[in-house]
Amino acid sequence: MDLSYLIALNPLKIFVSHNHKVQSSLKIIQMKKNYFFAKSFLILAASSLIVTSCMTDTEGPLEESLLTEKALEVTDSEGGENLKKGGFVEYKDSFTNQILSLGEVDGEFVLVDPRTFEGTIFLPGTGKGKARTMGNVHSFINQVATGPTTSIGAPVMQFHADALAKFGIVDLPNNVHTVTINDAGHALFFESKTNVANSMAPDRVEFEAELTIVGGTKKYENATGTGNVTGFYNPNNGQGESTVTALIKLN
């Protein structure tokens, strides 16, 4: 009997059997990969859930506060952003302030109680904070009371001439009521319109006023623009906070 045709078919049978085994092995390997990937994903998801659930209630507001501070930071001490003449700059600052109530007695300005003093009351103040495009900044303020709940800007040089001279700022016109300046000498000059205050509690008075930018120094020389200031203070000690937002044009 001629068996040569069986011998000829054997290699094909062997190849088919081998190929089937390889494919089966590949499927097993792929299934193992999928299993380990799914297992790893579940572990990561569980870890993420644990971390999220362990966050305290204060971490959310803290993160928001940090983002706000970050937004007011700049990259250098020479004025921050690359400001160009003829352009507009969105400005924002945030300050902690100390306001004084001063009245003239026997030719000298002394601390007085604004609730009982019958003469003209000036409200000079200083502040420290951060400003977009300026970094860490100082603020010098002056107001004069026009009523129980209102005041207007007063010449900043009246009480802050010596402090401003240390920054090289002298002879400012009377319509400059607030100066915001950084340690590199970049400054903005503000004119304050009518300031309206509302008593919210015995230790909290909130206020708001419109501002006009009337110049500055270095990168802000001849700057113009308009803005708004809001804030609060404690009438018992003059401590408070304020925020200015403005659109500045560099000329």
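The coordinates are above.
What counts and how
Residues numbered from 1 in each chain as written. Predicted model: local features only at pLDDT ≥ 70, side-chain atom pairs only at ≥ 80, totals over all residues. Heavy atoms only, no water. 1 Å grid on protein atoms, 1.4 Å probe; cavity = no way out; pocket = protein on both sides within 12 Å on 5 of 7 lines; lining within 4 Å. Points joined across faces, edges and corners; volume = space filled by probe spheres on them. Salt bridge = Lys/Arg side-chain N within 4 Å of Asp/Glu carboxyl O. Buried < 20%, exposed > 50% of the residue type's maximum accessible area, 1.4 Å probe, protein only. Helix = DSSP H or I, 4+ residues; strand = E, 2+ residues; numbered from the N terminus.

K.L.:
Describe the layout of surface pockets, and please don't skip the residues or the numbers.
P.N.:
Here the idea is plain: a probe the size of a water molecule rolls over the atoms and shows the empty space left. Each pocket or cavity is described by its volume, and for the largest pocket that value is around 1,100 Å³. Taken together, 49 residues make up the lining of the largest pocket; nearest its centre are Ile99, Ser101, Leu123, Ser151 and Tyr233.

K.L.:
Lay out the pattern of salt bridges in plain terms, naming residues and giving numbers.
P.N.:
Under the counting rule described, the total for this entry stands at three salt bridges. Put simply, Arg115 and Asp113 hold a salt bridge, and the shortest N to O gap is 3.1 Å. Of the residues examined, Asp113 reaches a relative accessible area of 30% and is grouped as partly exposed.

K.L.:
So, unusual backbone geometry: which residues are in play, and what are the values?
P.N.:
A positive phi angle is found at Thr133, which is not glycine, with a value near 80 degrees. As for its placement among the helices and strands, Thr133 is situated in the loop between strand E5 (125-131) and strand E6 (135-141). With a phi close to 55 degrees, Asp171 is a non-glycine residue in the positive phi region. You can see Asp171 is positioned in the loop between helix H3 (157-165) and strand E9 (178-182).

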